Amino acid sequence: MSRERLDLSIIIPVYNEEENLPILYQEIKEALASLQRSYEIIFIDDGSQDNSFAVLKQIQALDPGVKIIRLRRNFGQTAALSAGFDYAQGKIIITMDADLQNDPHDIPLLLAKIEEGYDMVNGWRQKRQDKFLTRRLPSMIANRLISLLTGIRLHDYGCTLKAIRQEVIKNIRLYGELHRFIPAVASILGVRIAEVKVNHRPRRFGRSKYNLFRLPRVILDMLTIKFLLSYSTRPLQIFGLLGLVSGAVGFFIALWLSYQRLILKISSANRPILLLAVLLMVIGVQFITLGLMAEIMVRTYHESTGKPIYHIREIIDAHRSED
Ligand code: UDP
Ligand code: MG
């Protein structure tokens, strides 16, 4: 496909945001007017049930720089973003929410930071305009935890306003609700990540799509990310370790019981700890087998997809040059 390349792609997932869209569009135009860069605005209508699509069509009819991707049903924010990433032609991808909580006037700040040589710039919402107990507190804890687990220290993983180089985002596949972890997933590739303080505004129209019920999912996603980051190419190292520990504890309890039974002639009949010993040994064997299976799957995955286990930033070789 010979698509012309643009400087920027602004990617905005939209789910029932009809009142916000015209204002958002105007603000983006304003913010980018002085920048002297070519850009496209991609709205992804994630199965909205209100008039969002009609409103988007009106905007698009007047501005060919606006593109609409309409999903068949509501697939969720991660899927909507991915659709945008796949379609984008810009060298730098900017993501933001459609609800006017992010401020398009922060876009130049992000771009300036990218220009300093970073692969990815994350927004850090100042004076967040959300409820404390149900939104800000959980997100504070989550930010600490994710930073700790991944080693990528960011203040605000939940901020959708981000700028990412095209070559980075095209190498990232997102599943489930992993859009919250784009920096952590990107860190698998070895990217340079920076943070920029951005404005945050209260939601004026429409409703937030999330509540506290997402917490368990976020925790499980964190586990996934930790696993992908640390063990995805060597799963036996984690499963095998668990298996060895469990199996060894079980084995020594069983050894001690055998000694008592055979040498000291103490009956094992009324000793429930025998059950524990057996259970631990069985679990140990299971974990190790699971680890071995996972090792085989990892190899099958990398070899069948041709995906390397490394990512190159650049190659310097006087005799070979990439065209
Ligand atoms: N969104 C979406 N699909 C969904 C849920 C949300 O495209 O299933 C969009 C939504 O329209 C908004 C952005 O994702 O542009 C963030 O959603 P929201 O503002 O509700 O999240 P919050 O800011 O409350 O975390
Ligand atoms: Mg919002």
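These notes cover the structure that comes with them.

The rules we used
- Counting from 1, residues in each chain are numbered in the order their sequence is written.
- The lettering of chains begins at A and the numbering of ligands begins at 1, in the order of writing.
- For this predicted model, a pLDDT threshold of at least 70 governs which residues receive local features, and a threshold of 80 or more governs which side-chain atom pairs are given and counted, while totals over whole chains, interfaces and linings are taken from all residues.
- Hydrogens are left out, water is left out, and the side-chain values use all remaining heavy atoms of the structure.
- Here a residue is considered near a molecule or strand provided that any single heavy atom belonging to it is located within 4 Å of it.
- Polar contact is defined as a pair of N or O atoms within 3.5 Å, subject to the rule that within protein one atom must be able to donate a hydrogen and the other to accept it, and that residues adjacent in sequence are counted only when both atoms are side-chain atoms.
- Per-residue and other accessible areas follow the Shrake-Rupley method at a 1.4 Å probe size, with only the shown protein chains counted as cover for residues.
- Here the term charged refers only to Asp, Glu, Lys and Arg, the term nonpolar to Ala, Val, Leu, Ile, Met, Phe, Trp, Tyr, Cys and Pro, and the term polar to all other amino acids, Gly among them.
- Donor atoms are limited to N, O and S found within 2.8 Å of the metal ion, a distance that becomes 3.2 Å for Na, K and Ca. With water left out, some sites might look partial.
- Partly exposed residues are those whose accessible area sits between 20% and 50% of the maximum for their type, while under 20% is buried and over 50% is exposed, using a 1.4 Å probe and protein chains only.
- Note on geometry: axes are lines fitted to C-alpha atoms, helical ones only across the stretch in contact, with angles between N-to-C directions running from 0 to 180 degrees.
- Secondary structure elements follow DSSP: runs of H or I no shorter than four residues count as helices, runs of E no shorter than two count as strands, and numbering proceeds from the N terminus.
- For classification purposes, angles smaller than 35 degrees are called roughly parallel, those larger than 145 roughly antiparallel, those between 65 and 115 roughly perpendicular, and all remaining angles oblique.
- In a left-handed crossing the near helix is turned counterclockwise from the far helix by less than a right angle, and in a right-handed crossing that turn is clockwise.
- The contact criterion used is simple: two residues touch if any of their non-hydrogen atoms lie within 4.5 Å.
- Strand pairing is assigned whenever DSSP detects at least two bridges linking the two strands.

The subject of this paragraph is the site of ligand 1. Near ligand 1 there are 17 residues, and of these Glu-17, Asp-46, Asp-99, Arg-135 and Ser-208 occur at the shortest range. At a separation of 2.9 Å, an oxygen atom of ligand 1 approaches a polar backbone atom of Pro-13. When ligand 1 sits alone it has 530 Å² of accessible area, and the protein chains cover 94% of it. For the shell around ligand 1, the residue count by class is five nonpolar, five polar and seven charged.

With that settled, consider the coordination of the magnesium ion (ligand 2). When a metal holds four donors in a tetrahedron, each ideal angle between them is 109.5 degrees; when it holds six in an octahedron, the ideal angles are 90 or 180 degrees. Every protein donor of the magnesium ion (ligand 2) is listed here as Asp-99 (OD) and Gln-101 (OE1), and their distances to the metal cover 1.9 to 2.1 Å. In this pair, the class of Asp-99 matches that of Gln-101, namely buried.

At a minimum axis distance of 7 Å, the contact between helix α9 (residues 236-262) and helix α10 (residues 273-305) shows a crossing angle of 155 degrees. Comparing their axes, α10 and α9 come out roughly antiparallel. Relative to α10, the crossing made by α9 is left-handed.

Glancing now at the environment of Ser-147. As for its position among the elements, Ser-147 is in helix α5 (residues 132-150). Taking relative accessible area as the criterion, Ser-147 reaches 6% and is therefore assigned buried. Distance from Ser-147 to Thr-78, taken between C-alpha atoms, is 20 Å for residues 69 residues apart in sequence. Beyond its immediate sequence surroundings of up to four residues, Ser-147 is in contact with Ile-152, Arg-153, Leu-154 and Tyr-157. Engagement of the side chain of Ser-147 in a polar contact is seen with the backbone oxygen of Asn-143, the distance being 2.8 Å.

Sheets are built from strands that pair by backbone hydrogen bonding, the pairs being arranged parallel or antiparallel. Spatially, β3-β2-β1-β4-β6-β5-β7 is the arrangement adopted by the seven strands of the open sheet, whose pairing is mixed. Looking at strand neighbours, the two that pair on one side only are β3 (66-70) and β7 (193-198), the edges of this open sheet. Sheet twist, expressed as the average angle between the axes of neighbouring strands with direction ignored, equals 20 degrees. Where strand β5 (residues 120-125) lies against β7, six bridges are found, and the strand directions are parallel. Considered in β7, the bridge of Trp-124 is made with Lys-197. Strand contacts of helix α3 (residues 77-87): β1 (6-14), β2 (39-45), β3 and β4 (90-95), with the helix running at about 155 degrees to β1, the strand carrying the most contacts.

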